Amino acid sequence: MPKKPFLLLVNDDGIAAPGLHALHDSLIEIADVAVVAPATEMSAVGHAITISDPLRVTEYKREGRFFGYAVTGTPADCVKIGFWALLDRKPDAVVSGINLGGNTGINTIYSGTVSAATEGAILGLPSFAISLNTYRNPDFSYAARFARKLVPLLLERGMPRGVYLNVNVPAVPESEIQGVAVTRQGMALYREDFDKRTDPHGRTYYWLTGQKVDAETDPDVDDGAISKNWVSITPVHYDLTRYDVLEMLKDWKLDP
């Protein structure tokens, strides 16, 4: 009987998040899984790691049974500590999600969900992040089944070194999904506001709000594909170098 792959599951919404549980319940059908996730919500922490405080790990139980390890750290911390310290064998892949809310465009930089997949790629593991493009009344069932379909393909085909996948699923009934689009990351920005408020002690604080503006509608862009009910898959690499600018900078004559 073929040996099942061993998957490390992570997220940024916290170990109690329904999206992670849906992902676990779907992937357990085809793989051995280990859950290492933040003890509390760690959305929008990017690729932060914890170096000035200890990481505390507790066993998390779901319906009275061991489910995974809850870590007082970021999603990237969870991948690191899972890989190097907690698991008794190395995972074959990292799957991060299912995130509540899309991770498209500039969000990709901020996303803890995507950063967990980034960390997996840094460790040389096939990795992908998966998000459901809604914050209201989420139904993770189709996204969970899609992840189950993607895992064996990723393990069979592989990715170039350092490349991982960012998957975004429209929040529509499966019958309305148009298909799967291979996309590039959009570049739409946010119009951001800081809502000024006062706490019960009379102290001022600010709450960041905002919305994406001028989201691209081209079907080969992540936002555009999702808006037309296509699942978006974007290949991402952690090398941030703009190679086309290297020669231009050399012409700046920066030598002292």
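Scroll up to find the structure.
Residues numbered from 1 in each chain as written. Predicted model: local features only at pLDDT ≥ 70, side-chain atom pairs only at ≥ 80, totals over all residues. Heavy atoms only, no water.

Take the side chain of S26 next. Relative to the helices and strands, S26 resides in helix α1 (residues 18-27). By relative accessible area, which is 4% here, S26 ends up buried. What S26 contacts, discounting residues up to four positions off in sequence, is A144, R145 and R148. (Helix = DSSP H or I, 4+ residues; strand = E, 2+ residues; numbered from the N terminus. Buried < 20%, exposed > 50% of the residue type's maximum accessible area, 1.4 Å probe, protein only. Contact = heavy atoms within 4.5 Å.)

Here we take up helix α4 (residues 112-122). Think of an α-helix as turning once every 3.6 residues; residues three or four places apart then point the same way. Taking burial as the measure, the 11 residues of α4 include 10 buried ones, the bulk of the element. Listing the buried residues of α4 in full gives G112, T113, V114, S115, A116, A117, T118, E119, G120 and A121. Where α4 starts, the residue carrying a side-chain oxygen 3.1 Å from the main-chain nitrogen of T113 turns out to be S111. G124 sits one or two positions beyond α4 and adopts a positive phi of about 85°. (Polar contact = N/O pair within 3.5 Å; in protein donor to acceptor, adjacent residues only side chain to side chain.)

Our focus in this paragraph is the pairing of strand β3 (residues 57-62). When a strand is regular, its side chains alternate between the sheet's two faces. In the sheet, β3 pairs with strand β4 (residues 65-71) via 6 bridges, with the strands oriented antiparallel. Counted as the bridge partner of T58 is A70 from β4. Linking two consecutive strands that pair antiparallel, namely β3 and β4, is a turn of 2 residues; a positive phi of about 55° is found at E63 within it. (Pairing = 2+ DSSP bridges.)

Ranked by size, the top nonpolar core spans 33 residues in total, and within it L9, L27, F128, I130 and V167 carry the most contacts. For this core, the leading source of residues is helix α5 (residues 141-157), giving 8 residues. Discounting chain neighbours no more than four positions away, the residues touching I130 are S96, G97, I98, N99, T113, A143, F146, A147, V167 and V169. Core analysis: the second largest hydrophobic core is formed by 15 residues, A34, V71, L123 and L125 among them. (Core = buried A, V, L, I, M, F, W, Y, C linked by side-chain atoms within 4.5 Å.)

Moving on: the packing of aromatic side chains. Across all of its chains, the model carries 4 aromatic pairs by this definition. Considering the side-chain rings of F83 and W84, the 4.8 Å spacing of their centres and the 80° angle between planes classify their relative orientation as edge-to-face. Accessibility expressed as a relative area gives 61% for W84, which makes it exposed. The ring of F6 carries the charged tip of R89 above its face, separated from the ring centre by 4.2 Å. Above the plane of the ring of F83 lies K90, whose end atom (NZ or CZ) is 4.3 Å from the centre. (Phe/Tyr/Trp six-rings, centres within 6.5 Å; stacked < 30°, edge-to-face > 60°. Lys NZ or Arg CZ within 6 Å of the ring centre and 35° of its normal.)

Turning to the sheet that holds strand β5 (residues 93-100), a few remarks are in order. Two orientations exist for strands paired in a sheet by backbone hydrogen bonds: parallel and antiparallel. Pairing is mixed in the open sheet, where 9 strands are placed in the order β3-β4-β2-β1-β5-β6-β7-β11-β8. Each edge of the open sheet carries a strand with a single partner, namely β3 and β8 (179-182). Averaged over all pairs of adjacent strands, the angle between strand axes in this sheet comes to 25°, irrespective of strand direction. Where β8 lies against strand β11 (residues 230-237), 4 bridges are found, and the strand directions are parallel. Counted as the bridge partner of G179 is W230 from β11. Sitting on the sheet, α1 is in contact with β1 (6-10), β2 (32-38), β3, β4 and β5, with an inclination near 135° to β5. Lying on the sheet, α5 is in contact with β1, β5, β6 (127-132), β7 (163-169), β8 and β11; it crosses β6 at an angle near 165°. (Axes fitted to C-alpha atoms, helices over the stretch in contact; angles between N-to-C directions.)

This part takes up the packing of α1 against α5. As a packed pair, α1 and α5 sit with axes 8 Å apart at the nearest point and diverge in direction by 45°. Looking at the two axes, α1 sits oblique to α5. Viewed along their axes, α1 and α5 form a crossing whose handedness is right-handed. In this structure, α1 contributes A22, L23, S26 and L27 to the contact, and α5 contributes A144, R145, A147, R148 and V151. Here the residues of the contact of α1 with α5 sort into 6 nonpolar, 1 polar and 2 charged. (Parallel < 35°, antiparallel > 145°, perpendicular 65-115°, else oblique. Left-handed = near helix turned anticlockwise from the far one by under 90°. Nonpolar A, V, L, I, M, F, W, Y, C, P; charged D, E, K, R; others polar.)

Moving on, we get to unusual backbone geometry. Between G97 and I98 the backbone carries a cis peptide bond, its omega angle lying at -10°. Mapped onto the fold, I98 is located in strand β5. Phi is positive for A44, which is not a glycine, with a value near 60°. With respect to the helices and strands, A44 occurs in the loop between β2 and β3. Positive phi, normally seen in glycine, also occurs at K253, with a value near 55°. With respect to the helices and strands, the residue K253 is situated in the segment after α7 (246-250). According to the relative accessible area criterion, K253 is exposed, its value standing at 72%.

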